[in-house]
Each structure stands twice: as structure tokens, then as C-alpha cells.
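# Tertiary structure, described
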Amino acid sequence: MPKIADELSALEIKKLKHPGGRWNAVINVGGVTGLQMQITPAGAKSWLLRVTVGGKRRKVGLGSYPTITLAAARERAREALEMIERGVDPVEQRRAARAALAAQQARSLTFAEAMEKFAPKKMAEFRSEKQRRLWRNSLELHALPILGSIPVDQITRADVLRVLEPIWTEKTETATKLRGRIEGVMTWAEVAGHCEGPNPARWQANLDQFLPQPSKIRQEQHYPALALADAPRWFSDLRGREGMATRALEFVALTAARSGEVRGAVWSEIDIGAGLWTIAGARMKSGRPHRVPLSTEAVALLHDLPRMDGGEHVFWAVRGGMLSDASLSATIKRMHAAEVKTGHPGYLDPMSGRPAVVHGLRSTFRQWAAERGYDRDMAEMQLAHAVGSDVERAYQRSDMLERRRAMMAAWAGFLGGEEAGQVVPLRGAGA
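## Looking at the overall build of the protein
Summing up its helical and strand segments, the protein has 17 helices and seven strands in all. Relative to its length of 431 residues, the protein is extended, with a C-alpha radius of gyration of 36 Å against a globular reference of 22 Å. Once the C-alpha set of the protein is aligned to its principal axes, its extents read approximately 115 × 55 × 50 Å. Counting all 431 residues of the protein, 43% fall into the buried class. Taking all contacts inside the protein whose residues are at least 6 apart in sequence as the whole, residues at least 24 apart take part in 58%.

## Regarding the side chain of threonine 172
Mapped onto the fold, threonine 172 is located in helix α7 (residues 172-191). A distance of 3.5 Å separates the side chain of threonine 172 from the backbone oxygen of threonine 169, its partner in a polar contact.

## Observations concerning the nonpolar core
The biggest cluster of nonpolar side chains holds 58 residues, and the ones touching the most others in it are Trp234, Trp277, Leu302 and Phe315. Mapped onto this core, the elements with two or more residues apiece are α9 (231-239), α10 (244-255), β6 (276-279), α12 (296-304), α13 (325-341), α14 (360-371), α15 (376-382) and α17 (401-415). With eight residues, α10 is the single largest residue contributor to this core. Every residue in contact with tryptophan 234, bar those within four places of it in the chain, is listed here: Leu226, Leu249, Ala253, Ile332, Met335, Tyr347 and Leu361. Judged by nonpolar contacts, the second largest core, of 32 residues, contains Ala114, Met123, Val163 and Met186.

## What to know about the environment of aspartate 325
When you line up the elements, aspartate 325 lands in helix α13. A sequence separation of 249 residues divides aspartate 325 from arginine 76, and the C-alpha atoms of the two residues are 69 Å apart. Sequence-distant contacts of aspartate 325, that is, excluding residues within four places in its chain, are made with Lys130, Ser259 and Arg263. Within polar-contact distance, the side chain of aspartate 325 engages the side chain of serine 259 at 3.2 Å.

## Side note on the pairing of strand β3 (residues 45-53)
Burial analysis of β3 places seven of its nine residues in the buried class, the great majority of the element. Bridge analysis of strand β2 (residues 35-39) against β3 gives five bridges, and the strand direction is antiparallel. Counterpart to isoleucine 39 in the pairing with β3 is lysine 45. Between the end of β2 and the start of β3, which pair antiparallel, lie five residues, with glycine 43 showing a positive phi angle near 100°. Note that β3 and strand β4 (residues 56-65) share nine bridges and pair antiparallel. For lysine 45, the partnering residue across the bridge sits in β4 and is tyrosine 65.

## A few points about the pattern of salt bridges
Per the counting criterion, the structure on display carries 23 salt bridges. Close ionic contact of glutamate 75 with arginine 78 constitutes a salt bridge, the shortest N to O distance being 3.9 Å. With glutamate 75 and arginine 78 both in helix α2 (residues 70-85), this residue pair falls three residues apart, about one helical turn. Residue classification places glutamate 75 among the partly exposed positions, given a relative accessible area of 39%. On the basis of relative accessibility, which here comes to 38%, the residue arginine 78 falls in the partly exposed class. Between glutamate 140 and arginine 136 there is a salt bridge whose closest N-O contact spans 3.5 Å. One end of the pair is glutamate 140 and the other is arginine 136, both in helix α5 (residues 129-147) and four residues apart, which spans about a single turn.

## Some points on the environment of alanine 143
Tracing the sequence through the fold places alanine 143 in helix α5. Relative accessible area serves as the criterion here: at 0%, alanine 143 is assigned to the buried category. Sequence separation between alanine 143 and valine 160 is 17 residues, and the spatial gap between their C-alpha atoms is 8.2 Å.

## Quick word on the packing of aromatic side chains
Per the counting criterion, the structure on display carries 11 aromatic pairs. Through successive ring pairs, a cluster of aromatic residues spans Phe365, Trp368, Tyr374, Trp411 and Phe414. The lysine or arginine in question, arginine 307, covers the ring of tryptophan 267, its NZ or CZ lying 3.6 Å from the ring centre. Here the basic side chain of arginine 372 rests over the ring of phenylalanine 414, its NZ or CZ set 5.3 Å away from the ring centre.

## Description of α10
Here α10 spans 17 Å end to end across 12 residues, near enough to the 16 Å set by a 1.5 Å rise per residue. For α10, the tally of buried residues reaches 12 of 12 residues, placing the bulk of the element in the interior. Buried residues of α10: Met244, Ala245, Thr246, Arg247, Ala248, Leu249, Glu250, Phe251, Val252, Ala253, Leu254 and Thr255, and no others. The first or second residue beyond α10 is alanine 256, which carries a positive phi of 60°.

What counts, and where the lines are drawn
- Chains are numbered independently. Their residues run from 1 in the order of the written sequence.
- With pLDDT at 70 or above as the cut-off, local features in this predicted model cover only qualifying residues; side-chain atom pairs require 80 or more to be listed or tallied, and sums for whole chains, interfaces and linings still use all residues.
- The side-chain numbers reported here are obtained from all heavy atoms of the structure, hydrogens and water having been left aside.
- Only DSSP runs of H or I with at least four residues qualify as helices, and only runs of E with at least two residues qualify as strands; both kinds are numbered from the N terminus onward.
- Computation of the radius of gyration draws on C-alpha atoms, with the globule rule given as 2.2 Å multiplied by the number of residues to the power 0.38.
- A 1.4 Å probe rolled over the protein chains alone gives each residue an accessible area, and that area as a share of the maximum for its type sets the label: buried under 20%, exposed over 50%, partly exposed in between.
- Any two residues whose heavy atoms approach within 4.5 Å at even a single point are treated as in contact.
- Whenever a nitrogen or oxygen atom comes within 3.5 Å of another N or O atom, the pair is scored as a polar contact, on the condition that within protein one atom can donate a hydrogen and the other can accept it, and that pairs from neighbouring residues in sequence are kept only if both atoms are in side chains.
- The criterion is simple. A nonpolar core is a set of buried Ala, Val, Leu, Ile, Met, Phe, Trp, Tyr and Cys residues joined through side-chain atoms within 4.5 Å.
- We call two strands paired when DSSP finds no fewer than two bridges between them.
- Whenever Lys or Arg places a side-chain nitrogen within 4 Å of a carboxyl oxygen from Asp or Glu, that contact is recorded as a salt bridge.
- Classification of ring pairs rests on two measures: the distance between centres of Phe, Tyr or Trp rings, Trp counted by its six-membered ring, which must be within 6.5 Å, and the angle between planes, read as stacked under 30 degrees, edge-to-face over 60 and tilted in between.
- By the criterion adopted, a ring carries a charge over it if an Arg CZ or a Lys NZ lies within 6 Å of its centre and within 35 degrees of its normal.
- In a helix, the anticipated span is given by 1.5 Å times the number of residues less one.

Right, here's the structure in full:
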């Protein structure tokens with residue numbers, strides 16, 4: 001055994017100074033074999049125990065001074081030596097304890113914290129702010145009140161069922177999407193090491209044993225569409241109104257495009273001379289570029305639009321930027337309300353009896369195309385829907401642009417009342 005150094009007193013320890021130089025100074029304290037004080041050039045002091053463990057020299061840190069007093073340091077040194085006598089390496093034991101603590105802290109991550117860590121990755125997958133908002137809002141409204149404060153490694157199937165059961169039959173579509181979002185958060189937590197499977201929000205061989213199949217209880221709700229018989233009268237009513245949102249809604253009707261595609265349209269996408277609107281894939285729901293043939297009526301509408309100085313949007317808001325989705329919805333709601341006020345039923349979906357909405361105009365167009373005998377694939381292409389299988393799309397390189405141009409010209413004529421024999425004058429390209 002090495003010689004035990006003379007025991008320094010607490011006062012002597014307090015007076016110890018670094019002797020100078022670039023390296024840490026180490027001073028034997030005495031009282032316990034191998035106990036030392038380490039002093040940095042800056043004057044910081046800490047305790048070390050120099051020992052041999054299994055043939056290896058070890059420096060065991062015992063804490064900083066004066067947080068750990070001389071008496072406490074000697075007590076810690078004796079405890080460490082006793083551990084070594086029992087065949088326990090104090091350094092390895094400390095590492096194991098730290099690792100266990102880190103693992104425990106990682107596993108104590110709550111569902112709310114896991115959601116926030118997972119959210120940036122998920123948000124990057126969405127193309128629109130509306131999708132990001134819906135993802136977050138559904139979890140905040142339904143999941144967080146129940147799961148938010150629970151550590152992810154403690155969340156059970158019963159907890160997930162407490163979230164889903166109250167809305168599963170009444171709001172089946174919302175509940176179905178919510179289940180998938182909870183499963184996504186829990187999957188991230190598992191992969192990140194915060195919990196272990198099985199995922200309590202998994203459907204197959206798990207929740208499907210406790211909840212009815214969505215397809216058995218969900219009544220598919222289509223967007224209320226404008227009745228074909230009402231379309232010419234509705235379009236005439238629309239064209240008699242003023243406002244940028246009204247013109248955007250008119251353009252939606254003439255092109256059968258989605259509201260977001262029209263509201264986000266910029267002048268650089270449009271070739272008025274060629275009667276063509278080309279939408280980049282980044283703006284499309286499908287992620288693929290889409291070409292929209294513009295009828296004479298659609299081109300005339302664009303010719304007549306006022307432009308905002310320095311603005312790029314075709315249909316712009318008063319304060320700049322693109323119109324809100326609510327502005328188009330408000331327009332079609334006002335039209336229905338005005339009809340009802342005059343004693344008429346209003347613009348209703350013939351199937352559900354609900355007032356028609358903006359997105360329902362696409363269904364009206366699709367019904368018209370089917371009843372007039374237009375090629376199914378051509379009508380679906382106009383709506384920017386995927387046509388056929390992956391293999392079929394690989395071989396179908398044409399988007400039938402010119403054939404669709406003729407179809408959209410006929411559609412504009414129908415909206416103008418030409419088929420009914422009551423022609424509503426439409427603006428010509430040169431008007």
C-alpha cells in the first residue's frame with residue numbers, strides 16, 4: 001500500500017493555491033489512501049481518489065470543493081475503497097447509473113413533448129398551411145387533454161381508446177385521421193428510444209378489436225354540389241355580382257379547378273395568348289404539374305381583371321397577397337341566402353338538400369361531363385385526378401389538352417345557358 005500522506009486540515013485545504021503554470025496541480029490530502037485535491041490554473045478545486053482497480057489505474061472524481069467538504073470527501077473516498085474491496089468498479093458503476101438516469105429521463109418524455117418534437121418533421125411533409133393546421137388542431141383538441149401529460153412509455157391502449165371512443169361514431173373521419181396521427185407520434189417516440197412497442201394506437205390486431213370498422217359506420221359525406229338544372233341560373237347570378245372573390249369563384253366554375261389552385265394563381269402561370277394556365281406540381285394536391293385549357297370566357301375574365309401594382313396574384317386580396325378560402329365560401333353563401341330571401345329554395349345539392357359549396361362545383365362539372373358523354377379519363381384529367389394505374393399512367397403521356405379545351409368551351413357554353421335555349425350573354429375575348 002502507498003504511504004498515507006500527512007492529513008491536511010480544513011483550514012489548510014482552504015488556503016491551498018495553484019503553484020503556477022499551465023497544468024492542473026494535484027496535492028495529497030491524507031486521511032485516506034489516494035485522496036487528492038486537484039487545483040486548476042484558474043483556482044477551481046475538486047477531489048480525486050487515485051486507486052488501482054483490477055490492475056488499472058483509476059482517477060475517481062468525488063466532487064468539487066467547497067460544495068464537498070474535506071470530511072465529506074474523505075467519507076466518499078472510504079466508500080469507494082470499500083466498493084473496490086467488494087469487486088465493484090466505482091467508475092463503471094457511476095457510468096451505468098448515469099446511463100440509467102438518462103434512459104429514465106428519455107422515457108419520461110410526455111406525449112405533448114413527443115408531439116412537439118415530431119411536429120417539425122411531419123409539418124415538412126404537408127404542402128399547405130391548412131394541412132399543417134388540421135394535423136396540429138386535431139391532436140390539441142382531442143388527444144392532448146387526455147394523453148398530453150402522460151409519459152409516452154406509460155400510454156396504453158385504454159388511454160388511446162379514451163380519446164377515440166367519444167368521437168368514433170359521431171365524427172368517424174376525424175377520429176380515423178386522429179388515430180393515425182397518434183400512432184405517428186408514438187412511432188416516432190419508439191424509434192427515438194422513448195418507449196417500446198407495441199404501439200397502443202395501432203389499428204390491426206389492436207384497436208380494431210375494440211372499435212367498429214370505420215367503413216361500417218361512416219356515411220360518406222360529399223361536398224354539396226350545385227344541381228345541373230340550377231347551374232346556368234347560378235352562373236348568371238354570379239356574373240352579375242362585383243368583387244375579386246366573385247371573379248375568382250367564376251374562374252373556379254369555368255376551369256373546374258380547386259379553390260386553392262385559383263386563389264394561389266399568379267400571372268407567370270398564365271399564357272393568355274395561348275389560352276393556357278400551367279400550375280406547378282408544388283401547388284397541386286397530386287404533386288404533379290397540371291395544364292388547364294382556358295375557354296374564351298375564362299380568357300375574357302382575365303383580360304378584365306384589375307391588377308395590383310407590384311402584386312403577382314391573379315386574384316388578390318385588398319391588403320395584398322392571395323384571397324382567403326373563406327372569401328369564396330362567403331360569396332356562394334351570400335348567393336344562396338339571397339335566393340332564399342326571395343322565396344326560392346336557394347342553390348341546393350339535389351341529393352343532400354344542403355346548400356352548394358365551392359368545392360361542389362367540381363362535382364357539378366363532373367356530372368355534366370358524364371351526362372354529355374365526354375371521355376371519363378379526359379374529365380378526370382381536367383379535375384387533376386390520377387387516371388389509371390401506375391403502369392397505365394407511365395404509358396399515357398398525353399394530357400388530352402386540346403380535347404379538354406373543346407370540352408371546357410362546351411362547359412362554359414352550358415354555364416352561359418346555351419343548352420337550355422336561354423342564352424346569357426358572355427363576354428367575348430375582345431370585350
